[in-house]
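Residue-level structure breakdown
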Amino acid sequence: MPSSSPSRVSVSQLKPRLLLGPGPSPVSGRVLRALAHPTLGHLDPQFLTLLDDVSLRLRGIFGTGNEATLAVSGTGSAGMQAALANLLQPGDTAIVGIHGYFGGRMAEMARRLGAGVVAVEAEWGRVLEPERLIDAHRAHPRARLLSVVHAETSTGVRQPIREVGAYLSGTETLFVVDAVTSLGGIPVGVDAVGIDVCYSATQKCLGAPPGLAPISLSSRAVDVVRRRKVPVSSWYLDVGLLMDYLGAGHVYHHTASSNLFFALHEALQEIEEEGLEARHDRHRRVGARLRLELGARGFTLFGDPGHQLPELTSVRLPDGADAVRLRHALLERYGIEVGGGLGPTGASVWRIGLMGNGASEASVERLVGAVDELGIGSV
Ligand SMILES: *Cc1c(COP(=O)(O)O)cnc(C)c1O
């Protein structure tokens, strides 16, 4: 056979990994078993009841009474696309905070939707000072939306959202928050903060496989969608159509994957059993332990230590250590996945995620044990 032909593989022979990167995170056996439940039709009354229950549980985790709370088919980027495509019409102004990779992705999507983007930028690893976002709004008071990334997975920085939420609630501008890496790991509080559209993904701190994007829209966001003159450019992610499917009418729209919803439902059940506050505490405790262990070995934080996320730690390796080679060694020799850098963080950092089921003392010990065996940081 020519050497270029793909090798034949069998899924059962793939080696399991300890997923300590920026997502996906480890999925529990219980959630995987739920995923394997026999597939149901997308209009089966049992499935529709399950969808309603998922929506109810998501409201609890988002901290909202929003009726328009659902999980759209697709990954976190589908949530981002749904948020922006439903709110923006060509010619609208969107104020987009950019302090890392995912803020940049939001700006790109908004531009493609025909919006005029006012970018408020901060250096990667820093937060966007709320005053600067508020000033941008004062300069563009008619902006349709202002968006920020709550947990910048590219840098490990936690963006303050309270001040901006409180300020925008007195304006016509909608507050959009990317909670892909925050939901389930740190408090989000959609209603308390005054977020109009908040979206997430199942595979980061929620502990389910990738494939669904929870999203919640306030009533004023739903009004903006309803009053649109131009139909939503994405038929697939049109929230009005999705609500007709998921809502009381149950009109066929697309074939939602019942299996992914089984898994998400089980993951939400696990969160309920643990308790949301206890889960946040666990992420905080384990994240602090990781930073202590790595600090003792000469690793340094990439981002502002005053705004460090517990669930995602971006670190520079000790002097002389080859971040790329050692990351491959971690995967090949120890079966541990960590992330590499993005953009300006480049080849010099590791991004370590302790998300969902990955946020455990055992994960930290396995990682630190491997770091020691690889001789990183030893003199
Ligand atoms: C992972 C991530 C996304 C994109 O999610 P996908 O599931 O990869 O599409 C968006 N925003 C943030 C902050 C993320 O961490």
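Placed above this text is the structure.
Just so it is clear, the structure is predicted and the values come from calculations on it, not from any experiment.

Turning our attention to the side chain of Gln308. As for its position among the elements, Gln308 is in the loop between β11 (300-301) and β12 (312-316). Relative accessible area serves as the criterion here: at 11%, Gln308 is assigned to the buried category. For Gln308, the side chain forms a polar contact with the main-chain oxygen of Gly156, separated by 3.4 Å. In this structure the side chain of Gln308 is engaged in a polar contact, spanning 2.8 Å, whose partner is the backbone oxygen of Leu312. Those residues in contact with Gln308 that sit more than four places away from it in its chain are Gly156, Arg291, Leu301 and Thr313.

Let us look at the site of the ligand. Every one of the 14 residues lining the ligand counts as a neighbour, but Thr75, Ser77, Thr153, Gln203 and Lys204 are closest to it. Ser77 has a polar side-chain atom sitting 2.6 Å from an oxygen atom of the ligand. Within the contact set of the ligand, an oxygen atom lies 2.8 Å away from a side-chain nitrogen or oxygen of Lys204. Notes on the ligand: free accessible area 380 Å², of which the protein chains cover 88%. Secondary structure elements with two or more residues in the shell around the ligand: α3 (76-87) and α4 (101-112). Among the elements that make up the shell around the ligand, the one with the highest residue count is α3 (three residues). Split into classes, the residues belonging to the shell around the ligand amount to five nonpolar, six polar and three charged.

Before going further, it helps to spend a moment on the packing of helix α11 (residues 276-296) against helix α13 (residues 361-373). Contact geometry for α11 and α13: axes closest at 9 Å, N-to-C directions at 15°. In terms of axis orientation, α11 runs roughly parallel to α13. Taken as a pair, α11 and α13 cross one another with a handedness that is right-handed. Each of Arg285, Val286, Arg289, Leu290 and Glu293 in α11 lies in contact with α13, whose residues at this interface are Glu361, Val364, Glu365, Leu367 and Val368. Tallied by class, the residues present in the contact of α11 with α13 amount to five nonpolar, no polar and five charged.

The next thing to look at is helix α10 (residues 258-274). Counted at 1.5 Å a residue, the expected span for α10 with its 17 residues is 24 Å, and the 24 Å between its end C-alpha atoms agrees. When you tally the buried positions in α10, you get 12 out of 17 residues, the bulk of the element. Ser258, Asn259, Phe261, Phe262, Ala263, Leu264, His265, Ala267, Leu268, Gln269, Glu270 and Ile271 are the residues of α10 that are buried. Gly275 sits one or two residues past α10 and shows a positive phi near 95°.

On to the sheet that holds strand β14 (residues 339-340). In any sheet, the strands associate via hydrogen bonds between backbone groups, in a parallel or an antiparallel arrangement. Read from one edge to the other, the open sheet built from four strands follows the order β11-β12-β15-β14, with strand pairing classed as antiparallel. Edge positions in the sheet fall to β11 and β14, since each of these pairs with one other strand and no more. Alignment of β12 against strand β15 (residues 349-353), held across five bridges, turns out to be antiparallel. When the sheet's bridge partners are listed, Leu312 is paired in β15 with Gly353. Against the sheet, helix α12 (residues 323-334) touches β14 and β15, its axis set at about 35° to β15.

Taken together, Val9, Val11 and Leu14 make up a surface patch of nonpolar side chains, about 340 Å² in accessible area. Position of Val11 among the secondary structure elements: in the segment before β1 (18-19).

An ideal rise of 1.5 Å per residue puts 30 Å on 21 residues; α11 measures up with 31 Å between its terminal C-alpha atoms. Turning to α11, its buried residues number three or more, namely Arg279, His280, Arg282, His283, Val286, Gly287, Leu290, Glu293 and Leu294. Around the axis of α11, the buried residues are gathered within 160° of arc, so they sit on the same side. Exposed side of α11, more than 90 degrees from the buried face: Glu277, Leu292 and Ala296 are the residues found there. Against α10, β12, β15 and α13 lie the buried residues of α11. Positioned one or two residues after α11, Gly298 has a phi angle of 90°, which is positive.

Cut-off values and rules
Residues numbered from 1 in each chain as written. Predicted model: local features only at pLDDT ≥ 70, side-chain atom pairs only at ≥ 80, totals over all residues. Heavy atoms only, no water. Helix = DSSP H or I, 4+ residues; strand = E, 2+ residues; numbered from the N terminus. Buried < 20%, exposed > 50% of the residue type's maximum accessible area, 1.4 Å probe, protein only. Polar contact = N/O pair within 3.5 Å; in protein donor to acceptor, adjacent residues only side chain to side chain. Contact = heavy atoms within 4.5 Å. Near = heavy atom within 4 Å. Areas by Shrake-Rupley, 256 points an atom, 1.4 Å probe, with all protein chains shown as cover. Nonpolar A, V, L, I, M, F, W, Y, C, P; charged D, E, K, R; others polar. Axes fitted to C-alpha atoms, helices over the stretch in contact; angles between N-to-C directions. Parallel < 35°, antiparallel > 145°, perpendicular 65-115°, else oblique. Left-handed = near helix turned anticlockwise from the far one by under 90°. Expected span 1.5 Å × (residues − 1). Pairing = 2+ DSSP bridges. Patch = residues over 30% accessible without salt bridge, like charges linked within 9 Å, V, L, I, M, F, W, Y side chains within 5 Å. Salt bridge = Lys/Arg side-chain N within 4 Å of Asp/Glu carboxyl O. Arc of directions from axis to C-beta.

What is shown is where atoms sit, not what they do.
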